[in-house]
Amino acid sequence: MTSTKRLTIAMQKSGRLSDDTQNLLKRCGLKLNLTDRRLLAHVSNMPIDIMRVRSSDIPGLVMDGVCDIGIVGDNTLEEAALERKLLGNNSEYIRTKGLNFGGCRLSLAMPEEFEYTGIESLNGLRFATTYPQLLKRYASENNIDVDFCLLKGSVEVAPRVGLADGICDLVSTGATLEANGLKEVEVIYRSTAALIQNPNPLSQDKQAIFDTLLQRMQGVMKAKE
Ligand code: ATP
């Protein structure tokens with residue numbers, strides 16, 4: 001558990017959300033020095049610590065109360081919550097605020113030559129994905145039966161090498177799909193980055209810091225609109 005005095009924020013160490021997250025925090029007035037390799041960075045002008053980790057570790061750190069708040073994509077958050085629920089681990093969180101970056105969609109994509117005639121035409125097929133829980137939920141809500149193989153990266157090559165019939169992966173422009181001879185056939189989940197917090201009440205000190213941060217975030221996001 002974290003101390004009762006310093007608010008701990010989990011953010012992605014490096015990747016698609018890290019620059020935008022860092023800029024947001026900076027624009028909220030936090031003095032950060034994230035140039036070194038340390039996992040935990042102190043904010044010098046506010047009682048805040050920043051923990052820099054893999055995206056997929058952020059939901060668990062917040063749900064388990066190791067960090068008070070986190071900034072993570074909805075896709076990662078929802079996938080982790082479903083998986084943790086299944087395993088009987090803490091899966092509660094509060095989605096305090098949607099953020100105006102990290103927009104993407106989780107989509108099903110098939111080889112261009114595949115004859116797509118509606119969602120039923122995907123019945124019985126196998127999809128490569130990093131998001132099996134979101135895929136399973138979508139399939140069950142739409143009464144289709146699909147199989148999956150779990151891949152953490154380079155998902156789009158799976159159909160070409162015979163590992164899967166199609167993929168269930170994140171898309172923003174669609175250029176990667178096109179470059180790999182794939183076409184998007186269904187959007188199954190829409191995502192942005194989000195600010196999340198542990199559902200337990202914060203100490204008075206931390207709540208005051210969080211209130212200030214939230215107010216500033218509101219201002220920064222409004223100014224960007
Ligand atoms: P990490 O490497 O930190 O464990 P990751 O593999 O999800 O996590 P990134 O590829 O940097 O890392 O993606 C981080 C998040 O950025 C995604 O979970 C998603 O919310 C968002 N995102 C926005 N656009 C895209 C996109 N086109 N492809 C993948 N992710 C995107």
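Please read these numbers as outputs of a predicted model, since none were measured by experiment.

Peer 1: I tried to follow the packing of helix α3 (residues 74–87) against helix α4 (residues 132–141) on my own but got confused; where do I start?
Peer 2: The description of two helices packed together rests on the angle between their axes and the distance between the axes. Orientation of α3 relative to α4, taken along the N-to-C sense of each, is 80°, at an axis distance of 8 Å. What the angle tells us is that α3 and α4 run roughly perpendicular. Here α3 contributes E78, E79, L82 and E83 to the contact with α4, which in turn contributes Q133, L134 and R137. Of the residues belonging to the contact of α3 with α4, the class tally is two nonpolar, one polar and four charged.

Peer 1: Just to check I follow, could you spell out the site of the ligand for this structure?
Peer 2: Neighbouring the ligand are 16 residues; G15, S55, G73, C104 and S172 lie closest to it. Secondary-structure elements contributing two or more residues to the shell around the ligand are α3 and β9 (166–171). Split by residue class, the shell around the ligand holds four nonpolar, ten polar and two charged.

Peer 1: For this particular structure, what's the right way to read the confidence of the model for the protein?
Peer 2: A low pLDDT score tells you not to read the predicted coordinates there in detail. Scored by pLDDT, the protein comes out at a mean of 95, with 98% of its residues at no less than 70. In the predicted complex, the global pTM is 0.95; the interface-specific ipTM is 0.96.

Peer 1: What is the right way to read the sheet that holds strand β10 (residues 182–191) from this model?
Peer 2: Working definition: the strands of a sheet are paired by backbone hydrogen bonds and lie parallel or antiparallel to each other. With mixed pairing, five strands are arranged side by side in an open sheet as β8-β7-β9-β6-β10. Of all the strands in the sheet, the pair left with one neighbour each is β8 (147–150) and β10. Strand after strand, the sheet turns through a mean of 30° between neighbouring axes, direction not considered. As paired strands, strand β6 (residues 104–111) and β9 are joined by five bridges and run antiparallel to one another.

Peer 1: How should I be thinking about the domain arrangement of the protein in this particular structure?
Peer 2: By a frequent convention, interface size equals the accessible area lost on bringing the separate parts together. Domains assigned within the protein are domain 1 (7–102 + 192–224) and domain 2 (104–191). The straight-line distance from the C-alpha centre of domain 1 to that of domain 2 is 29 Å. At the interface, nine residues of domain 1 touch nine residues of domain 2. Broken down by element, the side of domain 1 that touches domain 2 gets its largest block of residues, six residues, from α3. For the side of domain 1 that touches domain 2, the residue count by class is one nonpolar, four polar and four charged.

Rules of the game
Residues numbered from 1 in each chain as written. Predicted model: local features only at pLDDT ≥ 70, side-chain atom pairs only at ≥ 80, totals over all residues. Axes fitted to C-alpha atoms, helices over the stretch in contact; angles between N-to-C directions. Helix = DSSP H or I, 4+ residues; strand = E, 2+ residues; numbered from the N terminus. Parallel < 35°, antiparallel > 145°, perpendicular 65-115°, else oblique. Contact = placed C-beta atoms within 7 Å. Nonpolar A, V, L, I, M, F, W, Y, C, P; charged D, E, K, R; others polar. Near = placed C-beta within 6 Å. pLDDT = per-residue confidence, 0-100. Pairing = 2+ DSSP bridges. Domains from an automatic or database assignment.

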